[in-house]
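Fold and geometry: a report
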Amino acid sequence: MKTYTYIVKRAKSRKKQTDRVSFVASTASPDRYGDIIDQKGWITSNYRKNPVVLLNHDSSQLPIGKGNVSIKNQQLVIDVEFDDEDPRAQEVKRKAQNGFMNAVSVGFRPLESKSRSELSSDSPYYGKRGMYYSKAELLEVSIVTIPANGEATMLEQKFYNSLKEDLLSEMKNLIKENMFISKHILEVIEEDDRYVVSFAKGETEEPEEIEEIEEEEIEEEYKEEEEEEEEKDLSEESTEDMEKADKEEEEEKEDKDFNDLIEAFAYILTS
């Protein structure tokens, strides 16, 4: 049996390479108090002049970073750049990049507002409780442990999920089609900066030599083979069904093993 070796190099984590972390800072969904901020009503001009990022809205402490805000897909989005020379900011950045703090919250000054119950009943912002802010001035954005708006979370995880799906598809195509190898995995060896995977590769059958034989010999051999095949048909029919079922079960197991390995590769390359 021939073997084929495929080498997967370990990639550095994108989360550790980037200096910025992106969050959805605000959406038009009701927060835990029932309040809604119209995303078209954000006034961000003054914030852009003083783009402070705080920790838990504590303005008595120095900022831990600065933010770049924009409206994307009807949401207020912020790219946070942490102050790497501040130990506290470094700690928050580490917790954010490693998934221990995934949320932000906005501090704002209401400019135009009314109770949601005062809105027209056919308004998408109508509600029995909470306020509707049609216009608001952004003052600050904070990294928080628990956000008022449950949708104000990190965008990095969404990027990771999309990257993982693309990676899975790319690796499957590479291994199954471009590399022309079988699905049977012999071993996986971990080295310092890579994983070496050995696969079984099917033997290539050599073309058989064609012998010249007389026409009568062909007919005689054909009749004998036909009679033998007829005798075996009944007994082999049930055997073939069993073998087919066993083969299908084995292929399903190989597919599952292969997909499990690809999932592991995706985790290795993106973590």
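Here's what I pulled together on the structure shown here. (Residues numbered from 1 in each chain as written. Predicted model: local features only at pLDDT ≥ 70, side-chain atom pairs only at ≥ 80, totals over all residues. Heavy atoms only, no water.)

Some points on the overall build of the chain
Helix and strand counts for the chain stand at five helices and eleven strands. Across the 271 residues in the chain, those meeting the buried criterion constitute 32%. Within the chain, contacts between residues separated by at least 24 positions form 71% of all contacts whose residues are at least 6 apart in sequence. Of the roughly 18,500 Å² of accessible surface on the chain, 46% is carried by carbon and sulfur atoms. (Helix = DSSP H or I, 4+ residues; strand = E, 2+ residues; numbered from the N terminus. Buried < 20%, exposed > 50% of the residue type's maximum accessible area, 1.4 Å probe, protein only. Contact = heavy atoms within 4.5 Å. Areas by Shrake-Rupley, 256 points an atom, 1.4 Å probe, with all protein chains shown as cover.)

A closer look at the nonpolar core
Grouped together as the largest cluster of nonpolar side chains are 27 residues, with contacts concentrated most on Phe23, Ile64, Ile78, Phe82, Val106, Leu138 and Ile143. Among the elements of the structure, strand 2 (20-26), strand 5 (52-55), strand 7 (75-82), helix 3 (87-97), strand 8 (103-115) and strand 9 (131-144) are those that each provide at least two residues to this core. Looking at this core element by element, the count peaks at five residues for strand 9. For Phe23, the contacting residues outside a window of four places in its chain are Leu76, Val77, Ile78, Val80, Asn102, Ala103, Val104, Ile143, Thr153, Met154 and Leu155. (Core = buried A, V, L, I, M, F, W, Y, C linked by side-chain atoms within 4.5 Å.)

Considerations on the pattern of salt bridges
Counted under the stated rule, the structure contains four salt bridges. Measuring nitrogen to oxygen at the nearest pair gives 3.8 Å for the salt bridge that ties Lys135 to Glu112. Residue Lys135 is located in strand 9, and its partner Glu112 is located in strand 8; the two are separated by 23 residues in the primary sequence. The partly exposed category is assigned to Lys135, whose relative accessible area is 32%. (Salt bridge = Lys/Arg side-chain N within 4 Å of Asp/Glu carboxyl O.)

Section: the packing of aromatic side chains
The final tally for this structure, using the stated rule, is three aromatic pairs. Judged by centre distance (6.0 Å) and plane angle (85°), the ring pair of Trp42 and Phe108 falls under edge-to-face. Residue Trp42 is located in strand 4 (residues 42-43), and its partner Phe108 is located in strand 8; the two are separated by 66 residues in the primary sequence. On the basis of relative accessible area, Phe108 is assigned to the partly exposed category, the value being 25%. Considering the side-chain rings of Tyr125 and Tyr132, the 4.8 Å spacing of their centres and the 20° angle between planes classify their relative orientation as stacked. Here Tyr125 and Tyr132 have matching classes, each one buried. Here a set of aromatic residues connected by ring pairs shows up, and it is made of Trp42, Phe108 and Tyr133. A cation sits over an aromatic face here: Lys95 above Phe100, 5.9 Å from the ring centre. (Phe/Tyr/Trp six-rings, centres within 6.5 Å; stacked < 30°, edge-to-face > 60°. Lys NZ or Arg CZ within 6 Å of the ring centre and 35° of its normal.)

Describing a negative patch on the surface
Together, Glu243, Asp246, Glu248, Glu249, Glu250 and Glu252 make up a negatively charged patch on the protein surface. A relative accessible area of 49% means that Glu250 is categorised as partly exposed. (Patch = residues over 30% accessible without salt bridge, like charges linked within 9 Å, V, L, I, M, F, W, Y side chains within 5 Å. Lys, Arg positive; Asp, Glu negative; His and termini not counted. Charge placed at Lys NZ, Arg CZ, Asp CG, Glu CD.)

Things to note about the environment of Asn50
You can see Asn50 is positioned in the loop between helix 2 (45-49) and strand 5. For Asn50, a relative accessible area of 46% puts it in the partly exposed group. For the pair Asn50 and Lys66, spaced 16 residues apart in the sequence, the C-alpha separation amounts to 8.2 Å.

Quick word on the side chain of Ser26
Mapped onto the fold, Ser26 is located in strand 2. Residue classification places Ser26 among the buried positions, given a relative accessible area of 3%. One polar contact links Ser26 to Gln39, side chain to side chain, over a distance of 3.0 Å. Setting aside chain neighbours within four positions, we find Ser26 in contact with Ile37, Gln39, Trp42, Gln75, Leu76, Val106 and Asn149. (Polar contact = N/O pair within 3.5 Å; in protein donor to acceptor, adjacent residues only side chain to side chain.)

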